[in-house]
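Single-letter residue listing:
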Amino acid sequence: MSILIKNARVVTATDDYVADIFIEGETIKAIGNNLSEKADKKIDASGKLVFPGGIDPHVHLDMPFMGTYSSDNYETGTRAALFGGTTMVIDFILQKQGNSLQAALEEWRGRSDNNCIGDYSFHMAVTDFNENTKKEIQGLIEKEGIVSFKTFMAYKGALMIDDRQMIGLMEEVKKHGGLINVHATNGDMIDYLVAKHRVEGKLSPLYHYLSQPEITEAEASERFVDMSYYTGCPGYIVHLTCEGALNAVRNATRRNQKMFVETCIQYLILDASLYEQNFEGAKWVMSPPLRQKKDQDTLWAGINQGLVQVVATDHCPFKWEQKLMGKDDFSKIPNGHPAIENRMELLYSEGVNKGKITLNKYVEVACTNPAKIFGMFPRKGTIAVGSDADIVIFDPNEKHKLSAKTHHMNVDYSGYEGWEVTGKVKTVLLRGKVAIENNHCKIDKGYGKFIKRNKVSDKI
Ligand code: URP
Ligand code: ZN
Ligand code: ZN
(Lines give C-alpha, C1' and ligand atoms only; values in the text may rest on other atoms or scores of the structure.)
(Ligands and ions follow the chains in the order given, each with its own letter.)
Protein backbone atom coordinates (compact mmCIF):
# COMPACT_ATOMS: atom_id res chain seq x y z
CA MET A 1 0.00 0.00 0.00
CA SER A 2 1.30 3.46 -0.88
CA ILE A 3 -0.15 6.88 -0.12
CA LEU A 4 0.73 10.29 -1.54
CA ILE A 5 -0.31 13.29 0.58
CA LYS A 6 -0.30 16.42 -1.59
CA ASN A 7 0.03 20.05 -0.49
CA ALA A 8 0.62 19.27 3.16
CA ARG A 9 1.53 22.05 5.58
CA VAL A 10 3.99 19.89 7.47
CA VAL A 11 4.49 20.91 11.08
CA THR A 12 7.12 19.27 13.27
CA ALA A 13 8.66 20.38 16.55
CA THR A 14 11.10 22.53 14.57
CA ASP A 15 9.73 23.09 11.05
CA ASP A 16 6.70 24.42 9.24
CA TYR A 17 6.67 24.12 5.43
CA VAL A 18 4.52 22.99 2.51
CA ALA A 19 5.42 19.71 0.77
CA ASP A 20 4.12 16.38 -0.50
CA ILE A 21 4.68 13.20 1.52
CA PHE A 22 5.07 9.79 -0.09
CA ILE A 23 4.42 6.74 2.07
CA GLU A 24 5.14 3.16 1.12
CA GLY A 25 4.38 0.30 3.46
CA GLU A 26 4.65 1.47 7.06
CA THR A 27 7.13 4.31 6.63
CA ILE A 28 7.66 7.71 5.04
CA LYS A 29 9.71 7.26 1.86
CA ALA A 30 9.98 10.81 0.50
CA ILE A 31 9.12 14.40 1.35
CA GLY A 32 9.43 17.09 -1.31
CA ASN A 33 7.80 19.46 -3.74
CA ASN A 34 5.71 18.20 -6.64
CA LEU A 35 6.29 14.52 -5.88
CA SER A 36 4.91 12.43 -8.72
CA GLU A 37 5.30 8.91 -7.30
CA LYS A 38 2.46 6.57 -8.28
CA ALA A 39 0.43 5.75 -5.19
CA ASP A 40 -2.53 3.51 -4.37
CA LYS A 41 -4.20 6.46 -2.67
CA LYS A 42 -3.87 10.23 -2.96
CA ILE A 43 -4.93 12.65 -0.23
CA ASP A 44 -5.16 16.38 -0.88
CA ALA A 45 -4.24 18.17 2.36
CA SER A 46 -4.61 21.75 1.06
CA GLY A 47 -5.58 24.10 3.86
CA LYS A 48 -4.86 21.50 6.55
CA LEU A 49 -2.08 21.07 9.07
CA VAL A 50 -0.14 17.82 8.84
CA PHE A 51 1.68 16.78 11.97
CA PRO A 52 3.07 13.58 13.51
CA GLY A 53 0.72 11.20 15.29
CA GLY A 54 0.21 12.22 18.90
CA ILE A 55 1.83 10.14 21.62
CA ASP A 56 0.10 9.98 24.97
CA PRO A 57 2.62 8.53 27.43
CA HIS A 58 0.20 8.35 30.37
CA VAL A 59 -2.93 6.21 30.03
CA HIS A 60 -4.58 3.49 32.11
CA LEU A 61 -6.56 0.99 30.03
CA ASP A 62 -8.49 -1.94 31.50
CA MET A 63 -6.61 -1.33 34.74
CA PRO A 64 -7.60 -2.90 38.06
CA PHE A 65 -7.80 0.06 40.44
CA MET A 66 -9.72 0.97 43.59
CA GLY A 67 -11.94 -2.10 43.46
CA THR A 68 -12.89 -1.83 39.79
CA TYR A 69 -11.37 -1.59 36.28
CA SER A 70 -10.89 1.54 34.18
CA SER A 71 -13.69 1.42 31.64
CA ASP A 72 -11.78 1.72 28.35
CA ASN A 73 -10.13 -1.51 27.33
CA TYR A 74 -7.24 -1.72 24.86
CA GLU A 75 -9.59 -1.76 21.90
CA THR A 76 -11.94 1.08 22.86
CA GLY A 77 -9.14 3.16 24.38
CA THR A 78 -6.75 3.00 21.44
CA ARG A 79 -9.63 3.54 18.99
CA ALA A 80 -10.75 6.67 20.85
CA ALA A 81 -7.13 7.81 20.90
CA LEU A 82 -6.93 7.49 17.11
CA PHE A 83 -10.14 9.49 16.66
CA GLY A 84 -8.42 12.23 18.63
CA GLY A 85 -5.14 12.12 16.67
CA THR A 86 -3.13 10.01 19.12
CA THR A 87 -1.51 7.09 17.31
CA MET A 88 0.44 5.64 20.23
CA VAL A 89 -0.09 5.35 23.98
CA ILE A 90 2.05 4.20 26.88
CA ASP A 91 0.02 2.33 29.47
CA PHE A 92 1.00 1.29 33.02
CA ILE A 93 1.57 -2.22 34.31
CA LEU A 94 1.08 -2.42 38.08
CA GLN A 95 3.17 -4.97 39.98
CA LYS A 96 1.17 -6.66 42.75
CA GLN A 97 3.03 -6.31 46.03
CA GLY A 98 4.60 -9.72 46.83
CA ASN A 99 4.60 -10.79 43.16
CA SER A 100 7.21 -10.49 40.40
CA LEU A 101 7.37 -7.89 37.63
CA GLN A 102 7.23 -10.74 35.11
CA ALA A 103 3.89 -11.94 36.53
CA ALA A 104 2.50 -8.42 36.15
CA LEU A 105 3.78 -8.20 32.56
CA GLU A 106 2.06 -11.47 31.71
CA GLU A 107 -1.20 -10.34 33.30
CA TRP A 108 -1.15 -7.11 31.29
CA ARG A 109 -0.26 -8.94 28.09
CA GLY A 110 -3.26 -11.16 28.66
CA ARG A 111 -5.53 -8.13 28.41
CA SER A 112 -3.66 -6.17 25.72
CA ASP A 113 -2.22 -8.73 23.26
CA ASN A 114 -4.08 -8.62 19.92
CA ASN A 115 -6.58 -6.13 21.33
CA CYS A 116 -5.00 -2.78 20.45
CA ILE A 117 -5.98 -0.80 17.38
CA GLY A 118 -3.32 1.87 17.90
CA ASP A 119 0.34 1.34 18.82
CA TYR A 120 1.28 0.97 22.47
CA SER A 121 3.95 0.32 25.04
CA PHE A 122 4.11 -0.12 28.80
CA HIS A 123 5.75 1.55 31.75
CA MET A 124 6.36 -0.94 34.57
CA ALA A 125 5.12 0.29 37.97
CA VAL A 126 7.34 -1.14 40.69
CA THR A 127 5.29 -1.29 43.89
CA ASP A 128 7.54 -3.68 45.82
CA PHE A 129 11.25 -3.24 45.20
CA ASN A 130 13.31 -6.07 46.71
CA GLU A 131 16.23 -8.35 45.84
CA ASN A 132 14.06 -10.36 43.44
CA THR A 133 12.54 -7.46 41.55
CA LYS A 134 16.01 -5.89 41.34
CA LYS A 135 17.12 -8.84 39.21
CA GLU A 136 14.27 -8.30 36.75
CA ILE A 137 15.10 -4.70 35.78
CA GLN A 138 17.86 -5.42 33.25
CA GLY A 139 15.79 -7.99 31.36
CA LEU A 140 12.80 -5.66 31.10
CA ILE A 141 14.99 -2.93 29.61
CA GLU A 142 17.12 -5.08 27.32
CA LYS A 143 14.78 -7.90 26.30
CA GLU A 144 11.30 -6.42 26.55
CA GLY A 145 12.06 -2.83 25.54
CA ILE A 146 10.31 -1.55 28.68
CA VAL A 147 12.72 1.20 29.73
CA SER A 148 10.61 3.30 32.10
CA PHE A 149 9.65 2.35 35.65
CA LYS A 150 6.78 4.02 37.46
CA THR A 151 6.86 4.69 41.17
CA PHE A 152 4.12 5.94 43.46
CA MET A 153 4.97 8.15 46.44
CA ALA A 154 1.26 7.95 47.37
CA TYR A 155 -1.64 5.40 47.41
CA LYS A 156 -0.35 4.12 50.73
CA GLY A 157 -0.95 0.41 51.34
CA ALA A 158 -1.51 -0.45 47.68
CA LEU A 159 1.06 1.10 45.37
CA MET A 160 3.30 3.38 47.42
CA ILE A 161 7.00 2.63 47.91
CA ASP A 162 9.20 4.26 50.54
CA ASP A 163 12.34 6.31 49.89
CA ARG A 164 14.65 3.39 50.63
CA GLN A 165 13.04 1.36 47.86
CA MET A 166 13.06 4.41 45.58
CA ILE A 167 16.82 4.91 45.95
CA GLY A 168 17.54 1.21 45.39
CA LEU A 169 15.35 1.14 42.29
CA MET A 170 16.93 4.33 40.94
CA GLU A 171 20.43 2.87 41.25
CA GLU A 172 19.43 -0.28 39.40
CA VAL A 173 17.48 1.53 36.67
CA LYS A 174 20.32 4.00 36.09
CA LYS A 175 22.82 1.14 35.77
CA HIS A 176 20.85 -0.33 32.84
CA GLY A 177 19.88 2.85 30.98
CA GLY A 178 16.28 3.31 32.10
CA LEU A 179 14.23 6.13 33.58
CA ILE A 180 11.98 6.52 36.65
CA ASN A 181 8.49 8.01 36.35
CA VAL A 182 6.96 9.22 39.55
CA HIS A 183 3.55 10.05 40.96
CA ALA A 184 5.00 12.64 43.31
CA THR A 185 2.67 13.41 46.21
CA ASN A 186 3.28 12.79 49.90
CA GLY A 187 1.28 9.60 50.63
CA ASP A 188 1.52 9.87 54.42
CA MET A 189 0.25 13.45 54.53
CA ILE A 190 -2.60 12.57 52.18
CA ASP A 191 -3.46 9.48 54.20
CA TYR A 192 -3.61 11.58 57.35
CA LEU A 193 -5.84 14.23 55.76
CA VAL A 194 -8.20 11.68 54.21
CA ALA A 195 -8.64 9.97 57.59
CA LYS A 196 -9.17 13.32 59.35
CA HIS A 197 -11.85 14.44 56.89
CA ARG A 198 -13.64 11.10 57.13
CA VAL A 199 -13.72 11.24 60.94
CA GLU A 200 -15.12 14.76 60.73
CA GLY A 201 -17.87 13.51 58.38
CA LYS A 202 -16.55 15.61 55.48
CA LEU A 203 -17.29 13.12 52.72
CA SER A 204 -18.10 15.01 49.52
CA PRO A 205 -15.77 15.16 46.47
CA LEU A 206 -14.56 18.59 47.63
CA TYR A 207 -12.66 16.80 50.42
CA HIS A 208 -10.75 14.73 47.88
CA TYR A 209 -9.31 18.07 46.76
CA LEU A 210 -8.78 19.35 50.29
CA SER A 211 -6.95 16.13 51.26
CA GLN A 212 -4.27 16.75 48.63
CA PRO A 213 -3.17 20.37 49.05
CA GLU A 214 -0.42 21.81 46.88
CA ILE A 215 2.20 21.27 49.60
CA THR A 216 1.76 17.47 49.39
CA GLU A 217 2.84 17.62 45.76
CA ALA A 218 5.54 20.27 46.18
CA GLU A 219 7.19 18.36 49.03
CA ALA A 220 7.23 14.99 47.24
CA SER A 221 8.42 16.54 43.98
CA GLU A 222 11.34 18.18 45.74
CA ARG A 223 12.23 14.91 47.50
CA PHE A 224 12.09 13.00 44.22
CA VAL A 225 14.22 15.61 42.45
CA ASP A 226 16.82 15.31 45.22
CA MET A 227 16.88 11.50 45.07
CA SER A 228 17.25 11.62 41.31
CA TYR A 229 20.12 14.11 41.68
CA TYR A 230 21.83 11.98 44.30
CA THR A 231 21.60 8.74 42.32
CA GLY A 232 22.02 10.29 38.87
CA CYS A 233 19.01 8.33 37.61
CA PRO A 234 16.96 10.17 34.94
CA GLY A 235 13.57 11.17 36.35
CA TYR A 236 10.17 12.11 34.92
CA ILE A 237 7.43 13.56 37.10
CA VAL A 238 4.03 12.52 35.78
CA HIS A 239 0.90 14.67 35.98
CA LEU A 240 2.53 17.70 37.64
CA THR A 241 -0.21 20.19 38.51
CA CYS A 242 1.02 23.15 40.48
CA GLU A 243 3.39 26.04 41.07
CA GLY A 244 4.99 24.57 44.20
CA ALA A 245 5.95 21.34 42.44
CA LEU A 246 7.24 23.12 39.34
CA ASN A 247 9.36 25.38 41.54
CA ALA A 248 11.14 22.28 42.88
CA VAL A 249 12.10 21.46 39.29
CA ARG A 250 13.01 25.07 38.54
CA ASN A 251 15.33 25.13 41.57
CA ALA A 252 17.04 21.96 40.38
CA THR A 253 18.04 23.64 37.13
CA ARG A 254 20.31 25.92 39.21
CA ARG A 255 22.59 22.94 39.84
CA ASN A 256 22.29 21.98 36.17
CA GLN A 257 19.96 19.06 36.92
CA LYS A 258 17.60 17.92 34.21
CA MET A 259 14.22 16.64 35.37
CA PHE A 260 11.51 15.74 32.87
CA VAL A 261 8.02 17.02 33.64
CA GLU A 262 4.64 16.02 32.28
CA THR A 263 1.43 17.86 32.89
CA CYS A 264 -1.97 16.80 31.61
CA ILE A 265 -4.49 18.70 29.54
CA GLN A 266 -7.00 18.93 32.41
CA TYR A 267 -4.55 20.77 34.69
CA LEU A 268 -4.02 23.39 32.00
CA ILE A 269 -7.68 24.19 31.43
CA LEU A 270 -9.84 23.02 34.37
CA ASP A 271 -9.71 24.23 37.97
CA ALA A 272 -10.79 23.19 41.44
CA SER A 273 -14.03 25.20 41.39
CA LEU A 274 -15.50 22.08 39.74
CA TYR A 275 -15.43 20.38 43.15
CA GLU A 276 -17.75 22.99 44.63
CA GLN A 277 -20.90 21.18 43.54
CA ASN A 278 -22.44 18.12 45.06
CA PHE A 279 -21.53 14.67 43.84
CA GLU A 280 -21.20 15.95 40.23
CA GLY A 281 -17.62 16.90 41.19
CA ALA A 282 -16.78 13.17 41.21
CA LYS A 283 -16.29 13.42 37.42
CA TRP A 284 -13.05 15.26 38.15
CA VAL A 285 -11.91 13.25 41.16
CA MET A 286 -8.39 12.38 40.11
CA SER A 287 -5.00 12.43 41.80
CA PRO A 288 -3.51 14.95 42.07
CA PRO A 289 -6.73 17.00 41.99
CA LEU A 290 -7.41 20.01 39.79
CA ARG A 291 -5.77 23.15 41.16
CA GLN A 292 -6.15 26.94 40.95
CA LYS A 293 -6.11 29.35 38.01
CA LYS A 294 -2.65 30.59 39.12
CA ASP A 295 -1.36 27.02 38.65
CA GLN A 296 -2.71 26.93 35.09
CA ASP A 297 -0.71 30.09 34.36
CA THR A 298 2.40 28.51 35.88
CA LEU A 299 1.99 25.38 33.76
CA TRP A 300 1.50 27.26 30.46
CA ALA A 301 4.55 29.36 31.30
CA GLY A 302 6.43 26.20 32.29
CA ILE A 303 5.79 24.76 28.82
CA ASN A 304 7.17 27.87 27.17
CA GLN A 305 10.16 27.95 29.55
CA GLY A 306 11.03 24.35 28.64
CA LEU A 307 10.41 23.15 32.21
CA VAL A 308 7.35 21.11 31.19
CA GLN A 309 8.19 18.90 28.21
CA VAL A 310 5.04 16.78 27.81
CA VAL A 311 1.27 17.24 27.84
CA ALA A 312 -0.43 13.87 28.42
CA THR A 313 -3.86 12.88 29.77
CA ASP A 314 -3.57 10.33 32.60
CA HIS A 315 -6.64 8.89 30.87
CA CYS A 316 -8.26 6.66 33.50
CA PRO A 317 -12.00 6.60 32.78
CA PHE A 318 -14.72 5.29 35.05
CA LYS A 319 -18.40 5.17 34.17
CA TRP A 320 -20.83 7.07 36.33
CA GLU A 321 -22.00 3.91 38.09
CA GLN A 322 -18.36 3.28 39.05
CA LYS A 323 -17.95 6.83 40.35
CA LEU A 324 -21.06 6.18 42.47
CA MET A 325 -19.00 3.69 44.50
CA GLY A 326 -17.95 6.78 46.43
CA LYS A 327 -21.28 8.57 46.70
CA ASP A 328 -21.14 8.51 50.51
CA ASP A 329 -17.37 8.77 50.88
CA PHE A 330 -14.99 10.65 48.55
CA SER A 331 -12.14 8.23 49.37
CA LYS A 332 -14.01 5.44 47.56
CA ILE A 333 -14.53 7.34 44.29
CA PRO A 334 -12.29 5.65 41.68
CA ASN A 335 -9.66 8.26 40.79
CA GLY A 336 -9.37 9.23 37.17
CA HIS A 337 -10.90 11.08 34.24
CA PRO A 338 -11.36 10.45 30.49
CA ALA A 339 -9.39 12.55 27.97
CA ILE A 340 -7.50 10.25 25.59
CA GLU A 341 -9.66 11.40 22.67
CA ASN A 342 -9.70 15.08 23.59
CA ARG A 343 -6.06 15.94 24.32
CA MET A 344 -4.84 16.94 20.85
CA GLU A 345 -7.91 19.01 19.96
CA LEU A 346 -8.15 20.71 23.36
CA LEU A 347 -4.45 21.53 23.43
CA TYR A 348 -4.68 23.00 19.94
CA SER A 349 -7.83 24.96 20.71
CA GLU A 350 -6.87 26.26 24.15
CA GLY A 351 -3.13 26.47 23.50
CA VAL A 352 -2.32 27.30 19.88
CA ASN A 353 -5.60 28.93 18.89
CA LYS A 354 -5.64 31.14 22.00
CA GLY A 355 -2.01 32.15 21.47
CA LYS A 356 -0.56 30.45 24.57
CA ILE A 357 1.86 28.17 22.69
CA THR A 358 3.23 28.05 19.16
CA LEU A 359 2.35 25.35 16.66
CA ASN A 360 5.89 23.94 16.90
CA LYS A 361 5.65 23.79 20.70
CA TYR A 362 2.33 21.98 20.33
CA VAL A 363 3.93 19.24 18.25
CA GLU A 364 6.92 19.14 20.59
CA VAL A 365 4.92 18.50 23.78
CA ALA A 366 2.21 16.28 22.31
CA CYS A 367 4.21 14.18 19.84
CA THR A 368 7.98 14.64 19.74
CA ASN A 369 9.12 14.89 23.34
CA PRO A 370 7.24 11.76 24.47
CA ALA A 371 9.03 9.87 21.67
CA LYS A 372 12.41 11.32 22.60
CA ILE A 373 12.12 10.91 26.37
CA PHE A 374 10.78 7.36 26.17
CA GLY A 375 13.24 5.99 23.59
CA MET A 376 11.26 5.91 20.32
CA PHE A 377 12.63 8.86 18.36
CA PRO A 378 12.93 9.25 15.36
CA ARG A 379 10.86 6.18 14.56
CA LYS A 380 7.93 7.94 16.27
CA GLY A 381 7.16 11.58 17.05
CA THR A 382 8.17 13.31 13.83
CA ILE A 383 7.57 13.51 10.10
CA ALA A 384 10.82 12.52 8.41
CA VAL A 385 12.05 10.07 5.79
CA GLY A 386 12.39 6.67 7.45
CA SER A 387 9.98 7.42 10.32
CA ASP A 388 6.80 5.45 10.82
CA ALA A 389 4.02 7.01 8.76
CA ASP A 390 1.97 8.07 11.81
CA ILE A 391 0.34 11.23 10.52
CA VAL A 392 -2.54 13.51 11.50
CA ILE A 393 -4.31 15.70 8.97
CA PHE A 394 -5.96 18.47 10.96
CA ASP A 395 -8.40 21.22 10.03
CA PRO A 396 -7.35 24.20 12.17
CA ASN A 397 -10.57 26.11 11.50
CA GLU A 398 -13.34 23.57 12.01
CA LYS A 399 -15.38 24.32 15.12
CA HIS A 400 -17.21 21.60 17.03
CA LYS A 401 -18.46 20.70 20.47
CA LEU A 402 -17.18 17.91 22.70
CA SER A 403 -19.81 15.59 24.12
CA ALA A 404 -20.31 12.12 25.57
CA LYS A 405 -22.96 11.68 22.87
CA THR A 406 -20.35 11.78 20.13
CA HIS A 407 -17.10 10.67 21.72
CA HIS A 408 -15.71 7.16 21.29
CA MET A 409 -14.39 6.58 24.81
CA ASN A 410 -16.25 3.93 26.79
CA VAL A 411 -17.58 6.30 29.40
CA ASP A 412 -21.04 7.81 29.74
CA TYR A 413 -20.06 11.40 30.52
CA SER A 414 -17.47 13.89 29.35
CA GLY A 415 -15.33 16.08 31.57
CA TYR A 416 -15.70 18.64 28.77
CA GLU A 417 -19.41 18.38 27.89
CA GLY A 418 -20.36 21.20 25.51
CA TRP A 419 -16.85 22.66 25.20
CA GLU A 420 -16.46 24.62 21.97
CA VAL A 421 -13.29 23.52 20.26
CA THR A 422 -11.60 25.10 17.26
CA GLY A 423 -9.66 22.55 15.18
CA LYS A 424 -10.56 18.99 14.26
CA VAL A 425 -8.70 15.79 13.50
CA LYS A 426 -9.83 14.76 10.01
CA THR A 427 -7.60 11.91 8.83
CA VAL A 428 -5.15 9.77 10.77
CA LEU A 429 -2.57 7.37 9.36
CA LEU A 430 -0.95 4.73 11.51
CA ARG A 431 2.13 3.04 10.09
CA GLY A 432 1.00 3.81 6.56
CA LYS A 433 -2.62 2.70 6.94
CA VAL A 434 -5.59 5.00 6.96
CA ALA A 435 -6.87 4.61 10.51
CA ILE A 436 -9.43 7.43 10.70
CA GLU A 437 -11.27 8.95 7.73
CA ASN A 438 -14.70 10.55 7.40
CA ASN A 439 -15.36 9.96 11.10
CA HIS A 440 -14.81 6.23 10.77
CA CYS A 441 -12.15 3.96 12.17
CA LYS A 442 -10.84 1.84 9.29
CA ILE A 443 -8.53 -0.54 11.12
CA ASP A 444 -9.33 -3.33 13.53
CA LYS A 445 -8.06 -4.56 16.83
CA GLY A 446 -4.80 -6.41 16.44
CA TYR A 447 -3.33 -3.78 14.10
CA GLY A 448 -1.82 -1.92 17.07
CA LYS A 449 1.77 -3.03 17.64
CA PHE A 450 3.69 -3.27 20.88
CA ILE A 451 6.63 -0.90 20.37
CA LYS A 452 9.87 -1.99 21.99
CA ARG A 453 11.75 1.06 23.19
CA ASN A 454 15.45 1.98 23.35
CA LYS A 455 17.49 2.98 26.36
CA VAL A 456 17.01 6.58 27.41
CA SER A 457 19.20 9.50 28.42
CA ASP A 458 18.34 12.68 30.29
CA LYS A 459 19.26 14.71 27.21
CA ILE A 460 16.61 15.41 24.61
O1 URP B 1 -6.49 9.84 39.35
C2 URP B 1 -5.65 9.23 38.73
N3 URP B 1 -4.59 9.89 38.36
N4 URP B 1 -5.83 7.93 38.41
C5 URP B 1 -4.93 7.08 37.79
C6 URP B 1 -3.79 6.64 38.65
C7 URP B 1 -2.71 7.67 38.76
O8 URP B 1 -2.43 8.13 39.86
O9 URP B 1 -2.12 8.06 37.76
ZN1 ZN C 1 -0.66 9.12 39.38
ZN1 ZN D 1 -1.90 7.84 35.94
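I will try to describe carefully the structure that is included in this document. (Residues numbered from 1 in each chain as written. Chains lettered and ligands numbered in written order. Predicted model: local features only at pLDDT ≥ 70, side-chain atom pairs only at ≥ 80, totals over all residues. Heavy atoms only, no water.)

### Some words on unusual backbone geometry
Here is step 1 of the chain: Note the cis peptide between S287 and P288, where omega equals -10°.
Here is step 2 of the chain: Tracing the sequence through the fold places P288 in the loop between α9 (265-269) and α10 (293-304).
Here is step 3 of the chain: With a phi angle near 45°, D62 is a residue other than glycine that sits in the positive phi range.
Here is step 4 of the chain: Inspection of the secondary structure assignment puts D62 in the loop between β6 (54-59) and β7 (64-65).
Here is step 5 of the chain: In this structure D62 comes out as buried when scored by relative accessible area, which is 18%.
Here is step 6 of the chain: Not every positive phi belongs to a glycine, and Y155 is a case in point at roughly 60°.
Here is step 7 of the chain: Relative to the elements of secondary structure, Y155 occurs in the loop between β11 (148-152) and α4 (163-175).
Here is step 8 of the chain: The exposure class of Y155 is partly exposed, given its relative accessible area of 22%. (Helix = DSSP H or I, 4+ residues; strand = E, 2+ residues; numbered from the N terminus. Buried < 20%, exposed > 50% of the residue type's maximum accessible area, 1.4 Å probe, protein only.)

### Quick look at the sheet that holds β11
Here is step 1 of the chain: Here we have eight strands laid out as an open sheet, ordered β6-β9-β10-β11-β12-β13-β14-β15, and parallel in their pairing. Edge strands, defined here as strands with exactly one partner in the open sheet, are β6 and β15 (310-312). Across the sheet, the mean angle from the axis of one strand to that of its neighbour is 30°, orientation sign disregarded.
Here is step 2 of the chain: Both strand β13 (residues 235-237) and strand β14 (residues 260-264) contribute to a ladder of two bridges, which runs parallel. Bridge pairing in β14 links Y236 to F260.
Here is step 3 of the chain: Strand contacts of helix α1 (residues 74-83): β9 (86-94) and β10 (119-125), with the helix running at about 145° to β9, the strand carrying the most contacts.
Here is step 4 of the chain: Across the sheet, helix α12 (residues 343-352) lies against β6, β9 and β15, angled at about 110° from β6, the strand it touches most. (Pairing = 2+ DSSP bridges. Axes fitted to C-alpha atoms, helices over the stretch in contact; angles between N-to-C directions. Contact = heavy atoms within 4.5 Å.)

### Brief notes about helix α8 (residues 243-253)
Here is step 1 of the chain: Considered for burial, the residues of α8 that qualify are A245, L246, A248, V249 and A252. Down the axis of α8, the buried side of the element spans an arc of 145°, and every buried residue falls inside it.
Here is step 2 of the chain: Considering only its buried residues, α8 is in contact with α7 (214-231), β13, β14 and α10. (Arc of directions from axis to C-beta.)

### Structural notes on the site of ligand 1
Here is step 1 of the chain: Around ligand 1, the neighbouring residues are H58, H60, F65, Y155, H183, H239, M286, S287, D314, C316, N335 and G336.
Here is step 2 of the chain: A distance of 3.5 Å separates an oxygen atom of ligand 1 from a polar atom in the side chain of H58.
Here is step 3 of the chain: Taking G336, its main chain carries an N or O atom lying 3.4 Å from an oxygen atom of ligand 1.
Here is step 4 of the chain: Protein contacts shield 99% of the accessible area of ligand 1, which totals 260 Å² for the unbound molecule.
Here is step 5 of the chain: Within the shell around ligand 1, the residues separate by chemical class into four nonpolar, seven polar and one charged. (Near = heavy atom within 4 Å. Polar contact = N/O pair within 3.5 Å; in protein donor to acceptor, adjacent residues only side chain to side chain. Areas by Shrake-Rupley, 256 points an atom, 1.4 Å probe, with all protein chains shown as cover. Nonpolar A, V, L, I, M, F, W, Y, C, P; charged D, E, K, R; others polar.)

### Here we look at the coordination of the zinc ion (ligand 2)
Here is step 1 of the chain: Summarising the metal site, the zinc ion (ligand 2) is bound by the protein donors H183 (ND1) and H239 (NE2), whose distances to it range over 2.1 Å.
Here is step 2 of the chain: Around the zinc ion (ligand 2), the four donor atoms are arranged such that angles at the metal cover 55 to 151°; this shape is classified as irregular.
Here is step 3 of the chain: If you look at the zinc ion (ligand 2) and the zinc ion (ligand 3), they sit 3.9 Å from each other. Within this pair, whereas H183 is found in strand β12 (residues 179-183), its partner H239 is found in the loop between β13 and α8, the two being separated by 56 residues in sequence. (Donors = N, O, S within 2.8 Å, 3.2 Å for Na, K, Ca; no water. Tetrahedral: all angles 85-135°; square planar, octahedral: opposite > 155°, others 65-115°.)

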